[in-house]
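Geometric and topological summary
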Protein chains: 2
Amino acid sequence: MKTREPSGPPGAAARNRRAAADDASGFPRPLLERLALYYQIATSEGEEGQDAISSAFLAELIGIDATLVRKDMAAAGITGRPKVGYAIAEVLARLDSVLGLTDRNDAILIGCGDLGSAIARYAGFGRYGLKIAAVFDVDPTKIGRSVGGHVVLPMEKCKSFIEIFRIQIAILAAPANGAQETADWLVRKGVKAIWNFAPVHLRVPDDVAVRNENLALGLAQLIHMFKVKRGNLQVPVPAPDAAQTEPELGAKRTG
Amino acid sequence: MKTREPSGPPGAAARNRRAAADDASGFPRPLLERLALYYQIATSEGEEGQDAISSAFLAELIGIDATLVRKDMAAAGITGRPKVGYAIAEVLARLDSVLGLTDRNDAILIGCGDLGSAIARYAGFGRYGLKIAAVFDVDPTKIGRSVGGHVVLPMEKCKSFIEIFRIQIAILAAPANGAQETADWLVRKGVKAIWNFAPVHLRVPDDVAVRNENLALGLAQLIHMFKVKRGNLQVPVPAPDAAQTEPELGAKRTG
DNA sequence: GAGCAGTCGTGATATTTTTCACGACACATT
DNA sequence: AATGTGTCGTGAAAAATATCACGACTGCTC
Ligand SMILES: NC(=O)c1ccc[n+]([C@@H]2O[C@H](COP(=O)([O-])OP(=O)(O)OC[C@H]3O[C@@H](n4cnc5c(N)ncnc54)[C@H](O)[C@@H]3O)[C@@H](O)[C@H]2O)c1
Ligand SMILES: NC(=O)c1ccc[n+]([C@@H]2O[C@H](COP(=O)([O-])OP(=O)(O)OC[C@H]3O[C@@H](n4cnc5c(N)ncnc54)[C@H](O)[C@@H]3O)[C@@H](O)[C@H]2O)c1
């Protein structure tokens, strides 16, 4: 399946000033990532009394080029003022809209273990419109307990809850084992967005949004960076034909 | 005002322009991300008895092109066999080395609140070489408690612990307020890699690796995807001159 | 009001990342 | 052993992404 529609206008080589904002498939991921970062920084700067932020400031803070920040702002429809920068109020308002944080999004939390409890108790996602409407678990010893103001409900009640409250967003904090099945079930029940914390790459239909928040991958990246900076990591594999040491770990096919 | 000084060595400002960026002669970030994903999938497939995996299988699972998988494998120095695929043993061994997971990495955990406790109890990071050597907190009521087999220690003991055990990796699960200061302090004490869960973008010197595991940004992205797929997100901002609704939050210049 | 300094806006350019096309090789079957 | 099918390997093309260079505009100072 290709999520890429080959609808490329052949004559549109010249860049039109309308940016690529009206692309129905949303913004490219890297841009989106930076946009959310701008939102966060703008929020924190605003709380410190700032009225505006410059592209150079953002760029320096994040470690990217200032031009890129300006392009991003343009893509989001944010207009800055020379000599001043971007008005924080406008940045927040615009990104609120662009990121879709304007209205509240009710979600259910599946799995109330260590991580699920932390999420249930965390208030920081409220700013992004997330409202945990209910918490579910299969463990009888956890059902009925109150976690972060939510009473843990049995999974048996999940189906009707989704249907009655038209829940479309689910946070999946259950074990990896069975995560895909749970996700499939949620999708069948009508869930359209899944925030997955289990260390598996969930597969969902095309009309469902999924974000695999795979912390282990982040850790792997950090360790890689760490080793590279330390210098004791021999990454390069320049020899293209070198049929060097075969891993003698066994488990190879019976030849 | 760009007076946001990273409170580090005074002359380092010019040098750490790319500090927050990640690629330091290592692999580009997207590639690295996929590599870690292959590692995870290969692990799980291996546990199910598979001997080899094909590029097509990985591509289909992740939702990318099979050619890209093969390029990635080549970049990591992994050689496959036609008609068979990539030997899982080789994939794991090679990625172990490439990602730097071969030897154990001792780390300290700073902040043992909801999220910190979940991390301390989680065993899943062990596969990536991470070993939590100690847990620290400032809250007197938490000190002395046992969390995931670790006794929570007071921050006062953190300095000597880092020095004695030559700790180079820190997991930061303390509140955002003061996270940067804590990070600066850790860096001064010799920490070379920080896994940051506070919702701020940490600034560190060039020789320190940092991964900002900003969950809120992930949430923002999920919500954006969700809204776009639902169709009720009007992103485009074509009107270039239309002085439409100015944010009435003040902060506008008087003409 | 004129000049200066700082910042945005954007077309052109460079770099990186991904896809396409096709040849080569390995295993299975007859 | 010959044939057939499925998979890897890789150079070239395409697309996406980031940077450069420079013009335009704003606010400040004098
Ligand atoms: N704790 C962490 O720091 C951490 C870090 C990264 C990833 N994760 C992942 O997050 C998930 C949860 O981690 P955790 O540490 O909270 O585990 P946990 O074992 O503490 O909690 C899992 C909870 O899910 C419940 N559960 C099991 N099957 C369920 C089902 N089918 N439906 C609903 N609930 C179900 C269990 O009863 C339990 O309460 C796991 O997939 C884990 O790999 C956790
Ligand atoms: N809980 C979540 O689901 C979640 C999600 C995303 C991000 N976060 C972020 O993770 C961090 C921790 O979240 P939490 O929910 O565990 O918060 P928490 O308040 O439950 O825990 C924070 C802990 O850090 C300790 N602490 C405070 N200052 C410290 C310092 N200077 N040094 C060492 N320890 C210190 C506190 O005593 C407390 O135990 C926060 O920055 C939060 O924004 C949490």
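Look a little higher up for the structure.
How each quantity is defined
Residues numbered from 1 in each chain as written. Chains lettered and ligands numbered in written order. Predicted model: local features only at pLDDT ≥ 70, side-chain atom pairs only at ≥ 80, totals over all residues. Heavy atoms only, no water. Near = heavy atom within 4 Å. Polar contact = N/O pair within 3.5 Å; in protein donor to acceptor, adjacent residues only side chain to side chain. Helix = DSSP H or I, 4+ residues; strand = E, 2+ residues; numbered from the N terminus. Nonpolar A, V, L, I, M, F, W, Y, C, P; charged D, E, K, R; others polar. Contact = heavy atoms within 4.5 Å. Buried area = accessible area lost by both parts, 1.4 Å probe. Salt bridge = Lys/Arg side-chain N within 4 Å of Asp/Glu carboxyl O. Least-squares fit on C-alpha atoms with pLDDT ≥ 70 in both. Buried < 20%, exposed > 50% of the residue type's maximum accessible area, 1.4 Å probe, protein only. Pairing = 2+ DSSP bridges. Right-handed = clockwise from strand over helix to strand, strands pointing away. Areas by Shrake-Rupley, 256 points an atom, 1.4 Å probe, with all protein chains shown as cover. Phe/Tyr/Trp six-rings, centres within 6.5 Å; stacked < 30°, edge-to-face > 60°.

Attention now goes to the protein's contact with DNA strand C. In the vicinity of DNA strand C there are 23 residues, among which A:Ser55, A:Arg70, B:Pro28, B:Arg34 and B:Thr67 approach most closely. Counting only the atoms of DNA strand C that lie within 4 Å of the protein, the sugar and phosphate share comes to 63%. One of the backbone N or O atoms of A:Gly80 is found 3.1 Å from a phosphate oxygen in DNA strand C. One of the backbone nitrogen or oxygen atoms of B:Pro82 is found 3.5 Å away from a sugar or linking oxygen of DNA strand C. Taken together, the elements giving at least two residues each to the surface near DNA strand C come down to helix H3 (66-76) of chain A together with helix H3 (66-76) of chain B. Taken together, the residues of the surface near DNA strand C sort by class into six nonpolar, seven polar and 10 charged.

Counting residues at the interface gives 88 residues for chain A, matched by 91 residues for chain B. Carbon and sulfur atoms make up 63% of the surface buried where chain A meets chain B, a total of about 8200 Å² over both sides. Per-residue buried area on chain A facing chain B is highest for A:Gln221, A:Leu222 and A:Lys229; these three make up 8% of the total on that side. In this assembly, chain A and chain B are joined by eight salt bridges. Across the pair B:Glu33 and A:Arg29 runs a salt bridge, and its minimum N-O distance is 3.9 Å. Counting across the chain A and chain B interface gives 24 residue pairs in polar contact (both at pLDDT 80 or more). Per-element accounting of the side of chain A that touches chain B gives the leading share, 16 residues, to helix H8 (residues 215-230) of chain A. Here the side of chain A that touches chain B is built from residues that sort into 46 nonpolar, 18 polar and 24 charged.

Moving on to the relation of the copies chain A and chain B. Here the second copy of the chain follows from the first by a rotation about an axis and a shift along it. For the match of chain A to chain B, the screw axis carries a shift of 0.0 Å, the RMSD comes to 0.1 Å, and the turn is 180°. The relationship between the two copies is best expressed as a two-fold rotation axis. Comparing interface residues between copies, 92% of those in chain A also sit at the interface in chain B, which points to an isologous, same-surface contact.

Attention now moves to the pattern of salt bridges. According to the stated counting rule, one finds 20 salt bridges over all chains in the structure shown. The salt bridge involving A:Arg34 is made with A:Asp72; its shortest N-O contact spans 2.5 Å. On the criterion of sequence distance, the pair formed by A:Arg34 in helix H1 (residues 29-47) and A:Asp72 in helix H3 is long-range, its members being 38 residues apart. We note that A:Arg34, like A:Asp72, is buried. Of the charged contacts in the structure, one is a salt bridge between B:Asp114 and A:Arg121, with a shortest N-O distance of 3.3 Å. Of this pair, B:Asp114 sits in helix H5 (residues 114-121) while A:Arg121 sits in helix H5 (residues 114-121), each in a different chain. Accessibility expressed as a relative area gives 37% for B:Asp114, which makes it partly exposed. We classify A:Arg121 as partly exposed; its relative accessible area is 41%.

The next point concerns the site of ligand 2. The local shell around ligand 2 holds 25 residues, among which A:Tyr122, B:Leu115, B:Asp137, B:Lys142 and B:Ala174 are the closest. The contact in question runs from an oxygen atom of ligand 2 to an N or O atom on the side chain of A:Tyr122, over 2.7 Å. The contact in question runs from an oxygen atom of ligand 2 to an N or O atom on the backbone of B:Asp114, over 3.0 Å. Of all the secondary structure elements, the ones that give two or more residues to the shell around ligand 2 are H5 of chain A together with H5 of chain B. With three residues, the single largest contributor to the shell around ligand 2 is H5(B). Looking at the shell around ligand 2, its residues break down into 17 nonpolar, four polar and four charged.

Lining the immediate surroundings of DNA strand D are 24 residues, of which A:Thr67, B:Ser55, B:Arg70, B:Lys71 and B:Tyr86 lie closest. In DNA strand D, atoms within 4 Å of the protein come 61% from sugar and phosphate. A distance of 3.0 Å separates a phosphate oxygen of DNA strand D from a polar atom in the side chain of A:Arg34. One of the side-chain nitrogen or oxygen atoms of B:Ser55 is found 2.3 Å away from a phosphate oxygen of DNA strand D. Among the secondary structure elements, those contributing two or more residues to the surface near DNA strand D are H3 of chain A together with H3 of chain B. Taken together, the residues of the surface near DNA strand D break down into six nonpolar, seven polar and 11 charged.

For the rest of this paragraph, the subject is the pairing of strand E8 (residues 193-196) of chain B. All names here are of chain B. Burial along E8 is two-sided: the residues Ala193 and Trp195 and Ile194 and Asn196 are all buried. Two elements, strand E7 (residues 169-172) and E8, share four bridges in a ladder whose sense is parallel. Residue pairing in the sheet places Leu172 in a bridge with Asn196 of E8. In this region the chain leaves E7, passes through helix H7 (residues 179-188) and returns to the parallel neighbour E8; the handedness of that crossover is right-handed. As judged from the four bridges shared by E8 and strand E9 (residues 209-212), these two strands associate in the parallel manner. Considered in E9, the bridge of Asn196 is made with Asn212.

Next up on the list: the environment of B:Leu153. All names here are of chain B. Within the secondary structure layout, Leu153 lies in strand E6 (residues 150-154). Judged by relative accessible area, Leu153 falls into the partly exposed class, the value being 21%. As for Leu153 and Ile171, which are separated by 18 residues in sequence, their C-alpha atoms are 15 Å apart. Filtering out sequence-adjacent residues up to four positions away, Leu153 remains in contact with Ala134, Val135, Phe136, Asp137 and Ile143.

Around ligand 1, 25 residues are found, and the nearest of them are A:Leu115, A:Asp137, A:Lys142, A:Ala174 and B:Tyr122. Between A:Lys142 and ligand 1, the recorded distance is 2.8 Å, taken from a side-chain N or O atom to an oxygen atom. B:Ala118 is positioned with one of its backbone polar atoms (N or O) 3.3 Å from a nitrogen atom of ligand 1. For ligand 1, whose unbound accessible area comes to 820 Å², protein coverage reaches 82%.

The next point concerns the packing of aromatic side chains. Inspection of the entire model under this criterion finds 12 aromatic pairs over all chains. Each ring, one from A:Tyr122 and one from A:Phe125, has its centre 4.7 Å from the other, and the planes form 75°; the classification is edge-to-face. The exposure class assigned to A:Phe125 is buried, which follows from its relative accessible area of 6%. Aromatic pair B:Phe136 and B:Phe161: ring centres 5.7 Å apart, planes at 75°, arrangement edge-to-face. In this pair, B:Phe136 sits in strand E4 (residues 130-137) while B:Phe161 sits in helix H6 (residues 158-165), placing the two residues 25 residues apart along the sequence.

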